[in-house]
Each structure stands twice: as C-alpha cells, then as structure tokens.
Amino acid sequence: MKFQPTPVSLGLAGLLLTMQGAALAQQAAAPAEAASAPKTQALEAVVVRGIRASNERSLLMKRDASANVDVITALDVGKMPDKNLADSLQRVVGLAVRKDYDEAEKVAMRGANPDMSLILFNGHTVSGGDWYLADQSSSSRSTSLSLMPSSVLNAATIYKTSQANIADGGLAGTINVTTRKPLDEPQRLGGLISAGTVYADLPGKSSPQLNASLNWKNEANTLGLITQLFAEKRYVRRDSVSRLGYGANSGWDVINTATMLGVTDASLAGSGYKAADLNGVRLPGSLASEFVEGVRDRKGGMLALQVRPTDTLDLGATGFYSKMNAANFGRATMGAINSMLRGLAGSTGETNVFTNSNGQRVYAQIKNPVVVEETTLYGDKLKVLKSADIVFPDGTTPQYVGNSEGFYRSGAAASSGFLDFDAKWQASKDLVLKGLFSTTRGVGTTEMDRGLTYARYGTGISYALNGVHEAPDLKYVGAGTGATPALNPDGSGYKLVSRSLANKYKTVDREKSLALEGEYTQDSGIFSSLNFGLRYADHHRDFRRTIKAMHAAFNPLTDTPDPSLAVSYPGDFGAALGGGNWERTGFYFPRDFLVGYFDKAIKETTPEFERYVASEIELREQQSAVFMMQNLEGDKGWWSGNIGWRLVRTQVDAMAPNPVPAGKCQRIEPGKPVVPCAAYPGAIVTAGDAVPYFDNTPWNPAAGTLYYKTRTSRRFDNLLPSLNLRVELAKDLVGRFGASETLGRQNYNLYGAAYGTPSCSTGVCLVSGPNPNLEPMTSRNVDVSVSWFFAKRALLGVSLFDSMIDGYAKTGTVRQDATIDLTDPNTGVTRTYFITTTGQQKARIRGIEVSYEQPIGAGFGFQSNVSVADTKVADGRPMPGVSKYSANLGGYFENDSFSVRLVYNYRGKYVSSTTAPSPTTNSQGNTVINGVTMPAAPTMAAPVSNLDLSINYDINSQLQLAFSATNLTNPARAQYRYSELEQQKLDVSGRQYYLEARYKF
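Here the structure is a predicted model, which is why all the values come from computation and not from measurement.

Focus: the overall build of the chain
A tally of helices and strands in the chain yields 10 helices and 49 strands. A globule of 1001 residues ought to have a C-alpha radius of gyration of about 30 Å, and the chain, at 30 Å, matches this closely. For the chain, the spread of C-alpha atoms along the three principal axes comes to 105 × 70 × 55 Å. Put simply, of all contacts in the chain between residues at least 6 apart along the chain, 76% involve residues at least 24 apart. For the chain, the separation between the mean place of its 100 positive charges and that of its 93 negative charges on side chains is 1 Å.

A word on the nonpolar core
Core analysis: the biggest nonpolar cluster contains 62 residues, and Leu341, Ile366, Leu385, Ile390 and Tyr463 have the highest contact counts within it. Those residues in contact with Tyr463 that lie beyond four places of it in its chain are Pro284, Leu287, Ile337, Leu385, Lys386, Ser387, Ala388, Ile390, Asp473 and Leu474. By size, the runner-up hydrophobic cluster in this structure holds 39 residues, among which are Phe121, Phe230, Phe418 and Val873.

Digging into the pairing of strand β30 (residues 639–659)
A large share of β30 lies buried, amounting to 19 of its 21 residues. If you look at the hairpin formed by strand β29 (residues 617–633) and β30, you'll find five residues sitting between the two strands, and Lys636 has a positive phi there, around 65°. For β30 and strand β31 (residues 707–730), the ladder comprises 21 bridges, and the chain directions are antiparallel. The residue bridging Asn642 from the neighbouring strand is Asn724, located in β31.

Notes on the packing of aromatic side chains
To describe a pair of aromatic rings, one takes the distance between the centres and the angle between the planes. In total, this model carries 30 aromatic pairs according to the counting rule given. Look at Phe329 and Tyr588: their rings are 5.6 Å apart centre to centre, the planes differ by 90°, and that puts the pair in the edge-to-face class. Taken as a pair, Phe329 in strand β15 (residues 328–335) and Tyr588 in strand β27 (residues 587–588) lie far apart in primary sequence, 259 residues in all. Across the pair, exposure class does not vary: Phe329 and Tyr588 are buried alike. Of the aromatic side chains, those joined through ring pairs into one cluster are Phe291, Phe329, Tyr408, Tyr569, Phe573, Trp582 and Tyr588. If you follow Arg331 out to its NZ or CZ, it ends over the ring of Phe329, 3.9 Å from the centre. Over the face of the ring belonging to Tyr910 we find Arg907, whose NZ or CZ atom lies 3.7 Å from the ring centre.

Thoughts on the sheet that holds strand β5 (residues 124–125)
Taken in spatial order, the five strands line up as β1-β6-β7-β4-β5 in an open sheet, and their pairing is mixed. The two strands at the open ends of the sheet, each matched to only one other strand, are β1 (69–73) and β5. Across five bridges, the pairing between strand β4 (residues 117–121) and strand β7 (residues 173–178) is parallel. Bridge pairing in β7 links Leu118 to Thr174.

With respect to the pattern of salt bridges
Scanning the model with the defined rule gives 48 salt bridges in all. Measuring nitrogen to oxygen at the nearest pair gives 3.1 Å for the salt bridge that ties Arg237 to Asp572. On the criterion of sequence distance, the pair formed by Arg237 in strand β10 (residues 223–242) and Asp572 in the loop between β26 (567–568) and β27 is long-range, its members being 335 residues apart. Judged by its relative accessible area of 4%, Arg237 is buried. Asp572 sits in the partly exposed class, given a relative accessible area of 39%. Across the pair Arg620 and Asp538 runs a salt bridge, and its minimum N-O distance is 2.9 Å.

A short note on the confidence of the model for the chain
In this model, the chain carries an average pLDDT of 89, and 92% of its residues clear a pLDDT of 70 or more. Counted against residues more than four places away or in other chains, residues 1–48, with its pLDDT under 50, gives 77 contacts.

Let's talk about the environment of Ile526
For Ile526, the position within the fold is in the loop between β24 (502–524) and β25 (527–550). Residues Ile526 and Lys872 lie 346 residues apart in sequence; the distance between their C-alpha atoms is 40 Å.

Concerning the state of the cysteines
Taken as a whole and assessed by the stated rule, the structure comprises two disulfides. Here Cys665 engages in a disulfide with Cys677; their sulfurs sit 2.0 Å apart. Of note, the bridge from Cys665 to Cys677 carries an S-S torsion of about -75° and is left-handed in sense. Here the residue Cys665 occupies a position in the loop between β30 and β31, and Cys677 occupies one in the loop between β30 and β31, the gap between them amounting to 12 residues. Residue Cys665 shares its accessibility class with Cys677, and that shared class is buried. Between Cys760 and Cys765 runs a disulfide, and the two sulfur atoms are separated by 2.1 Å. Torsion about the S-S bond of the Cys760 and Cys765 cystine: about 105°, corresponding to right-handed handedness. The class for Cys760 is partly exposed, based on a relative accessible area of 34%. Since its relative accessible area comes to 9%, Cys765 is described here as buried. Cysteine pairing in the chain follows 1-2, 3-4, where each cysteine in a disulfide is numbered by its order in the sequence.

Some points on the side chain of Asn531
Among the structural elements, Asn531 can be located in strand β25. A relative accessible area of 6% means that Asn531 is categorised as buried. For Asn531, the side chain forms a polar contact with the side chain of Glu517, separated by 3.3 Å. Those residues in contact with Asn531, other than ones at most four positions away along the chain, are Glu517, Gly518, Glu519, Phe627, Met628, Met629 and Asn631.

Examining helix α9 (residues 591–601)
In an α-helix, one turn spans 3.6 residues, which is why side chains three or four residues apart end up on the same side. Residues of α9 that are buried: Leu594, Tyr597, Phe598 and Ala601. Axial view of α9: buried residues confined to an arc of 90°, hence all on one face. Seen from the open side of α9, the exposed residues pointing more than 90 degrees away from its buried face are Asp592 and Lys600.

A word on the side chain of Lys160
With respect to the helices and strands, the residue Lys160 is situated in the loop between β6 (155–159) and β7. In this structure the side chain of Lys160 is engaged in a polar contact, spanning 2.6 Å, whose partner is the backbone oxygen of Val93. Contacts of Lys160, omitting those with residues within four sequence positions, involve Asn68, Asp70, Val92, Val93, Gly94, Leu95, Met109, Arg110 and Glu849.

Quick look at a nonpolar patch on the surface
A contiguous nonpolar surface patch, about 720 Å² in accessible area, is contributed by Leu189, Ile193, Leu214, Trp216, Leu223, Val307, Leu315, Tyr999 and Phe1001. Where the nonpolar patch is concerned, the elements lending two or more residues are β8 (189–200) and β9 (205–217). Locating Ile193 in the fold gives a position in strand β8. Taking the relative accessible area as the measure of exposure, Ile193 reaches 45% and is therefore partly exposed.

Quick notes on the pairing of strand β19 (residues 413–426)
Alignment of strand β14 (residues 313–325) against β19, held across 13 bridges, turns out to be antiparallel. Opposite Leu315, over in β19, you have Ala423 as the bridge partner. In terms of strand pairing, β19 meets strand β20 (residues 431–458) through 14 bridges, oriented antiparallel. Within β20, the residue paired with Lys424 across the bridge is Lys434. The hairpin turn running from β19 into β20, its antiparallel successor, is four residues long.

Rules used in this analysis
- Within every chain, residues take consecutive numbers counted from 1 along the sequence as written.
- Per-residue local features are limited, in this predicted model, to residues with pLDDT of at least 70; the limit for side-chain atom pairs, both in listing and counting, is 80 or more; totals at the level of whole chains, interfaces and linings are taken over all residues.
- No hydrogens and no water enter the side-chain calculation; it runs on all heavy atoms of the structure.
- Runs of E in the DSSP output that reach at least two residues are strands. Runs of H or I that reach at least four are helices, and both are numbered from the N terminus.
- The size measure is the radius of gyration over C-alpha atoms, and the globule rule it meets is 2.2 Å times the number of residues to the 0.38 power.
- The contact criterion used is simple: two residues touch if any of their non-hydrogen atoms lie within 4.5 Å.
- Counted as positive: Lys and Arg. Counted as negative: Asp and Glu, with His and the chain ends omitted from the count.
- A charged residue contributes its charge at one atom only: NZ of Lys, CZ of Arg, CG of Asp or CD of Glu.
- Here, nonpolar core means buried Ala, Val, Leu, Ile, Met, Phe, Trp, Tyr and Cys residues that are tied together by side-chain atoms lying within 4.5 Å of each other.
- Accessible area is worked out with a 1.4 Å probe on protein chains only. A residue is then buried under 20% of its type maximum, exposed over 50%, and partly exposed in between.
- DSSP calls a pair of strands paired once it identifies at least 2 bridges connecting them.
- Each aromatic pair joins two rings of Phe, Tyr and Trp (for Trp, the six-membered one) with centres within 6.5 Å, and gets the label stacked for planes under 30 degrees apart, edge-to-face for over 60, and tilted for any other angle.
- For a lysine, the NZ atom is tested; for an arginine, the CZ atom; a charge sits over a ring if that atom is within 6 Å of the ring centre and within 35 degrees of the ring normal.
- Salt bridge, as used here: a side-chain nitrogen of Lys or Arg that lies within 4 Å of a carboxyl oxygen of Asp or Glu.
- Per-residue confidence from the predictor is reported as pLDDT, which spans 0 to 100.
- Two cysteine sulfurs form what is called a disulfide whenever their separation falls within 2.5 Å.
- We define a polar contact as two N or O atoms separated by no more than 3.5 Å, with the added condition that, inside protein, one atom must be a possible hydrogen donor and the other a possible acceptor, whereas residues neighbouring each other in sequence contribute only through side-chain atom pairs.
- By arc we mean the arc of the directions from the helix axis to the C-beta atoms, nothing more.
- Patch membership requires more than 30% relative accessible area and the absence of a salt bridge. Residues of like charge join within 9 Å; the nonpolar side chains Val, Leu, Ile, Met, Phe, Trp and Tyr join within 5 Å.
- Note on areas: these come from Shrake-Rupley sampling with a 1.4 Å probe, and a residue is covered only by the protein chains present in the view.

Put into structure tokens, the structure is as follows:
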C-alpha cells in the first residue's frame, strides 16, 4: 500500500522534529551535571491500603498523568464484588461490558465495540480463546477476560487518549494491566491464602473457590519471586424465552397472503380484519423456551521472577496460564408459526416438504388477531401481530407445529497463557533502555457438539406477547403435554427427526513479540525526556471445525431412544421470567446418554478426513512499528504533555478456501493412497468436508465439494501522530487536551473466510467471500477534559471526546472490482462471479463522560460516573456492541476492621449481534415491507441494571472474612428487534453468593 500522510500527521510530525531540534540544541548548551527533573508519570509504583487510600492513590495517578487515564488497583478489586478483570473494568467511566451468565467477559470503550479496544498485559498483547462455539468460529479481535481472575491484577491503566509509546491496535482506547513485581513487595516473605465457596441460586449448587499466593525476596532486595495459584468453579444456568426456531421460523417475519394461503377474508370473518389488512404485519416466526446449564471451572496460576544484579540493571520474567472448562448443555422447545402459515412440514427448516392432511396440503389460519403499531428504531411505522391463534382448519390431522432439541457440548473450554521477559538498564545518568519479549497462546475448543432434534405435531399455537420484559403467553393446541418424546395414537406429540453431526471446534491464537524502548532525559527547558523505540509482533490465527463420520445414515426407526429415558425440565424452570400462561414443560436426554448414543454412531477415520475445509481460517499478521515521543514539562510543572508519532506496518497473509469446480478432482477414501488432483494440484483431496462415509456403502469420490486454498498478501502502512497536554488551570483544577490518530485492525474472518455457494439471478452471478484488500481502521480523535480535585479523595471531572473513523466494516457489499471463475452448481457451467464481501465505510463517535466521587465523612463515601456516546455509521445502522448510555453508582463504608461496598451498574441498549459477522452476512442489508425499503432489523439488547455487594471484616491483622453477592436484582435481560414490541429473547441467570476466608502472612 502506498503511504499517504494526512495533514494532521504531517503537521504534528513536523512540529515534533522542530521541537526535537530545539531540544538537542538546548541540551548541548546545558550543564552536563544538570539534575534530573522529577517525573510526573510513574503510574505503576503505587502501594495502596484500604478503600479510601486506594481511591486517593488512583486519583493522584490520574491527576499527574499527561494523558487522560483512569486507574484501578489491586485493592480496588479486593474490596469489590468482582471475580474477573472485566467485572472490575465495568466500574470505570466510559467502559461497558458484555456479560455471559452474569460474569462480565468483553470490554467496550467509549461507544465503540469490544473489537476496537486493545487489552495489554505488562505492555504486550495476550492471546485468548473463547469457550462458546459461536465465538470460537467468529474470530473477532476482542479479548475475553473470563479467563483472568481479578486476583492477578496489580493495576490497570485505562488510556482514553493515545500516545506514541503505547502499542498500536486500540482504535477506541487501550487498557494495560500490570501484574505484581516481586521486588516491589513491602515484605520479604508474605502471602495470601483464600478459601471459600460460591452458591448459585438458579442451578441451586455450590462450588469451591481457592486462591493462594506467595512472595519472597532476599534481604538485599536483588532477587525475588511471586507465585500464585487459583481454582475457581461455579455452576451456571439460564432460563429463557425466545424466537429460536429452524429456518424461517427463527426470529421475525411478515405476513404474506401470497404464500400464507390460510389467511383469507373468510378465515378472518368476525375479527374486523380483511386478509389485505394483515399483509406486511410483523409476526414472530416462533415462540420458544430455552433451558441451559453449564459450569465455569477456572484453574491456573502465575509465576513472576525478578533479579536486580546491579543498581542499574533489572531483569524480570512473568508466566501466566489459565484454563476454563465450560461444558454446556442447551435444550429448547420451539414453535413453527412461519412454517404452519406457509403449509410447510420441513421439520428442520426444509422448504420442499409440505403439510398433508388426508392427502391435502393445509395452511394454518390466523384467528382472533390483535394488531398494534410500532415505531422502529429507524423511525418507520410498522404493525405487529401482538396476539393470535395460529390454527389449522377444523378436522385437520396433527401437523408440524414445532421442535424440541437437546445439544450437549462436552469439552468446551478456553485457555490463555503468556510468558514475558523484561529488562531495564540504566545505561547512563540520562539514558534508560528497556526490552520486552513475550510469547502468548490462547486456545478455544469444543471437543464435541452433538444433539437430537424432535418434531412436534399438533393443530395450532395460541400466543400473546406481554412486553419486552415479560414472557409471552403460549399454548400448544392438540399437541400433547410437551413432556414426553413420543407420538400419541392420534399422531400428536413428538417424533425424532434428526441426529446432528458430531462437530469439533478449535481456535488457536498465538503471538510472539519484541519491543525495545529508550528514554533519554534532557532536562532542557520544556523538554524533559525523549522516548523512542520499536516493536515487532508475529501473530497467527487458525480456526478448524472437524466432523466425525457415522457408521450409518440416520434412521428414525432404529435410532429413536427409549422415551422413558428422557428427563423433564425442573419444576422451577422459567419462574423468574414472569408472564402468564406459557408452557414450561420440556424433556431432554441426560448428557451421559447423549455421549454414549453418539459414541456408538461415530465411525473413526483419519484426522485429515474429518476436516471441514470450507470453514477454516488460516491467517498470519505481522505488525511492526517505530515511534518517537517528546515529553514536555513547563516551569514548576504547571503544565506537561507529550507529542509524538508512531509509524506502523501491518502485513496480512491469509489462506482462503476456494471451491474446486465439480468433476475436476477426486476425493480420496480414508486410508487409501493419496493421488493429487492434476487439474488443481493444491486441492485438499484428503478432507471429508462432511460427505457421508457409511459402512457397507460404495465410496463416491465425486460427492460433495472439494477445496483448495489461495494465499493473499497485503501490506498497509499508517503514521499515527499524537499530542497530549496537561495544564494546571487553577489550584486543584487540571485541564487536558488530547489529539491523536489511532489504528484498529479488522477481524480475522474478514480476510480469510471461505467462498460460499455461487448463485445467478437475472444474469448477475454472485458468490460470498473474503476481502484481502480491507485496510485497517483508523480514527482521528480529539479529547478535552477538566478535573477538579476539590478535596482529598474527591473528584468532579468532565471529558468530551470525538472520534472520526475510516474503514469501518460493512458486510454484504458487492465488489465490482473483484471476480472469480466458479462452476454454477445448477448447470455445471463455469461462470464469472462478482464477490459479495466486506466493504468499508465511515463512522463517528462523540460523547461526554462525567465522574463525581467524594468522601462524606465518618468512613462513608461514594463514587459515581455516567457516560453518553453518540455513534453514527455512514449507512445509518447502529454499531454492534455499543451502548449510548452507561452509568455506575457506588457507596462505601470503611473503618479499621470493617468495610462494605454496594455498587449499581447501568448499561443502555445496544446491538447484541456478533461484532465479527461473517463477510458473507448481509448484516447491513435492507428489507422490503409493503413496498417500503428499510434497514433489516438488528437484534437489540434492552437496557439493564444490576446491583452487587461486597462486605469485608478483619478478625485480626491476618485473618479476614469476606462476603460478596453479584447480580442481586437478578434482572431479566431482554432483546428485541425493530422495537420493544418485537421481543426476541428474555433470560435470567440467577444470583451468586460468595463467602471466603482470607489469611495473610
């Protein structure tokens, strides 16, 4: 890519060079023995004790920093009801988190989605895996903090304005988490042992929580170590109602009398409506209930070594590893309203299987409709079918009305680890050199995802929506009890219709990096010191899905389990979801049964044959950067700042799967000699790609689609200038100004996803695929803040920020400049296809943050903050993962032996869709309703608030008892589509209560 600097880049770079020249001139004239001026930004050398002392230290660190930063410390976390780092970070103004089962996981900053935030540990990135299979396959850049217990934290510095010496990649901001240094510990020998239990009230189970650390250093303070181990387990459960369903039944659709032939004037007689009145009315495709259980079993540890062989040399090494086992078991009971109205009987979403009652195709009718009007989030006026009876005509035999399924995902786990080596050398009185080498690896796995699907048969569904925060009324008509997996004599009830594939998912993320940095002390007028350095990182991202072969094709006559082995949903299922009359019964087969069932069906072949190449992601990204930053400080320190630039190069090499034209290559049977394909030598002929390989069935080498991989390589260069100024406007009143250009790299799947199924319509041929030409996102940022430190441990602060983003991803774009020749699957003729992929567009985020905290007296105090971020994307769609409003309010009391803290958190609505959609997903497309074109409906998460509690009592100087509770209000978390009249999902996860004893020595 040809480098094109912006006017801002040129201006700031020129100013920096001019100032550096002046600095060198003044330095040459200055006495060599000039004393070093005190530094104003020593953010890591802080020891705090107690809530009030911790608050004071954090505010001092914020006050002295040149950039706009927030800081949380180890003791902040210890006095909070926080169980991982994301729990802790959500308390910071301008930060919001994504929660899974009410433990925070991913962090978003200042109105941007989590992929735009960079999280560092000790100054380097950390690879992580995801425990849930959808996240494993999405390949986003957001860092999951569910693996990081809060106990590993020494301090976290949240940089809201950038500066040149911070690693690039944080478009919206950067969070640097530091771990403890052995030689900074106050005691030569000390440690902490914490043992306790957590009780989760929804699953009704308790589990152990263990944490221990030991620190030692020699008397000379030249050698030390810290070791920490943790084992934290908790059980989770989620009860939900949703619009989950197969095929078109999932989500929402509109009534179309051209395909829903049962909706007629005659069938609506007496309702006050004609069939034409209902055309275009929004209706739920399904009404479903979901019952999910799982475990979060997190184990790991950290080891830190530090050596100071001389007064001028400091060496350190830190290793960390954490693995969380998260096996999960999901069950669902789903309706099929859309299929019923269209006369479809495809029990897993097929559109070529039709209803049949006594030899006739039948269509469900709409009886007793109640229609209301909604205003969509885009301002369009639509109508919604709030309640109705969806029933087949009288005398119809039982037809397909829904499904029940149970999927057990064993071996679901995520792990993350890093090893870093750091060195600091005082080369001379004025020059300090630093080095940091790190290697990190994260893995996300699901060893097997397997399940059974039953179809349900009856004569209708009756429903009424009760608002976004309450479960809908729901009744199945003529469909049996819903708790027994068997058909009744009249044909109603359940029948097994599908056995899933035996899928395995694995994502591996790894990186090695080296950073070298120097700081040269100038003490020459306003020039205090010069930072300079370089960094190189080699990053790899790989995703594979593998699929086991089966001994035989699914046969419901021989493969249906004994119904008596099924288990019913618990009696309290859905009790916290509200609502009136809705079916809370359901069945499933125990996980051990499912494991044995599939073990008997699975046929072992070879690892190569189990590959599903179409889904693979294989990407290498090399990042290199050089930087220079001039630190500035005015006379008597009344103002300070820095100005700098960072030159960044990103090299992206991706291997994208391409389909081989039909008939060009032969697939190799497992265990047979490999014969390369002459027409496509790179074809992966040994991969099965989910083709059947049954016993006693002739091998078909032409079955399915084969793939070969093509390499794409692109290079992108960016110059990132930055400027930060800090000014003492008056006593205790600090103003800051920041201007910078930041960079955020695109999600991995946008570069390396496979090509989809080709299609041609009206002479235009399209195929979905990756876009190797996507440039990194850049953002031009301005930040202005004023902080008034009006009393000890008190702050009133206001920040205004504005970020203009270039290169934000827009999926579903047709590239007119890129084509590929593929075989038309319908005709077998080779055609030229335009590629539907990801394009780029502009976006803008503007906002304000307000913080107010102060002690009240007698040990009482409070902390509060609120942020507003207004996000605009060029195509008018909301940005995923972004809340406009967020707020925190916390009160505390502390004396010498007792402390209590109560924390309230609020997060406004946001798009809950994945922040890393496939480039084939037309997530920013349009839909046409009654002839009006409008944006497709996103899935919105409704506003949610929560309350957490922490209580600590010191029995003596060594022994402490601690109680904490999270999710105290047990809020029902709601999702909706165009408006809150279109409820998409409602779930609850219960409360968690922790009791711990901590012994310090």
